[in-house]
Amino acid sequence: VGTEGTMTTCRRAHRDAGFVSAVEVVYLGIAALVMITFLGFLGRLSAAGVQVTNASQDAARAAAIAGDPNEAQAAARTAVSRSGLPDRCQGDPSAEFSWEPSDLGTWQGSVITVTVSCTVSNQTLTGVWTPGNRTVTVSDSQVVERFRR
């Protein structure tokens, strides 16, 4: 309020009032690019996990259908090699096979566990150069049908 009782306002005139400077745009662009790259990394890591999970389930199913533990181990490794993981992984994916006999100590009714591991380069996950690797490991268990011949 001025000395005469009237309302006065002080306005400072800014040359760039209401405009975004070029430096701010560059910072926002870089931040957006980093966030998009990070989201791409998470999406590709999730896709790699899904692919390893599917390979593990397929290998356990193939092993559960086999007639004995030796055939089951071969079937599990064959299922993993046909899954498409060798294209995604650095080197060959590993498939570990184990089984617990049934209560009667036989193959029928036993529980099979197949663990599949795949090491993926961070560069293939982000799409840009990034150092390091990630290892995705998934296990799946299946029961061999008790009354199967």
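In case you missed it, the structure is sitting above this.
Residues numbered from 1 in each chain as written. Predicted model: local features only at pLDDT ≥ 70, side-chain atom pairs only at ≥ 80, totals over all residues. Heavy atoms only, no water.

1. Some points on the packing of aromatic side chains
The full count for this structure, using the stated rule, is two aromatic pairs. Ring centres 5.1 Å apart and planes at 75° place the aromatic pair Trp 99 and Trp 107 in the edge-to-face group. (Phe/Tyr/Trp six-rings, centres within 6.5 Å; stacked < 30°, edge-to-face > 60°.)

2. Remarks on the state of the cysteines
Scanning all chains against the criterion turns up one disulfide. A sulfur-sulfur separation of 1.8 Å characterises the disulfide bridge that pairs Cys 89 with Cys 118. Across the disulfide from Cys 89 to Cys 118, rotation about the S-S bond amounts to roughly -125°, and the bridge is consequently left-handed. In this pair, Cys 89 is assigned in the loop between helix H3 (85-88) and strand S1 (94-100) and Cys 118 in strand S2 (residues 111-121), connecting sequence segments 29 residues apart. Both residues of the pair, Cys 89 and Cys 118, count as buried. (Disulfide = S-S within 2.5 Å. Helix = DSSP H or I, 4+ residues; strand = E, 2+ residues; numbered from the N terminus. Buried < 20%, exposed > 50% of the residue type's maximum accessible area, 1.4 Å probe, protein only.)

3. Considerations on the pattern of salt bridges
By the definition in use, this model includes one salt bridge. Taking the shortest distance from any N to any O, the salt bridge between Arg 61 and Asp 58 comes out at 2.9 Å. With Arg 61 and Asp 58 both in helix H1 (residues 22-65), this residue pair falls three residues apart, about one helical turn. A relative accessible area of 38% means that Asp 58 is categorised as partly exposed. (Salt bridge = Lys/Arg side-chain N within 4 Å of Asp/Glu carboxyl O.)

4. Structural notes on the pairing of S2
Taken across its 11 residues, S2 has eight buried, putting it largely inside the fold. Relative to S2, S1 runs antiparallel, the two being bridged by seven bridges. Opposite Ser 98, over in S2, you have Thr 113 as the bridge partner. Note that S2 and strand S3 (residues 133-143) share 11 bridges and pair antiparallel. Opposite Thr 113, over in S3, you have Ser 141 as the bridge partner. (Pairing = 2+ DSSP bridges.)

5. Focus: H1
When the terminal C-alpha atoms of H1 are compared, their 65 Å separation across 44 residues agrees well with the 64 Å that a helix rising 1.5 Å per residue should span. Taken together, the buried positions of H1 are Phe 41, Ala 48, Gly 49, Val 52, Ala 55, Ser 56, Ala 59, Ala 60, Ala 63 and Ala 64. (Expected span 1.5 Å × (residues − 1).)

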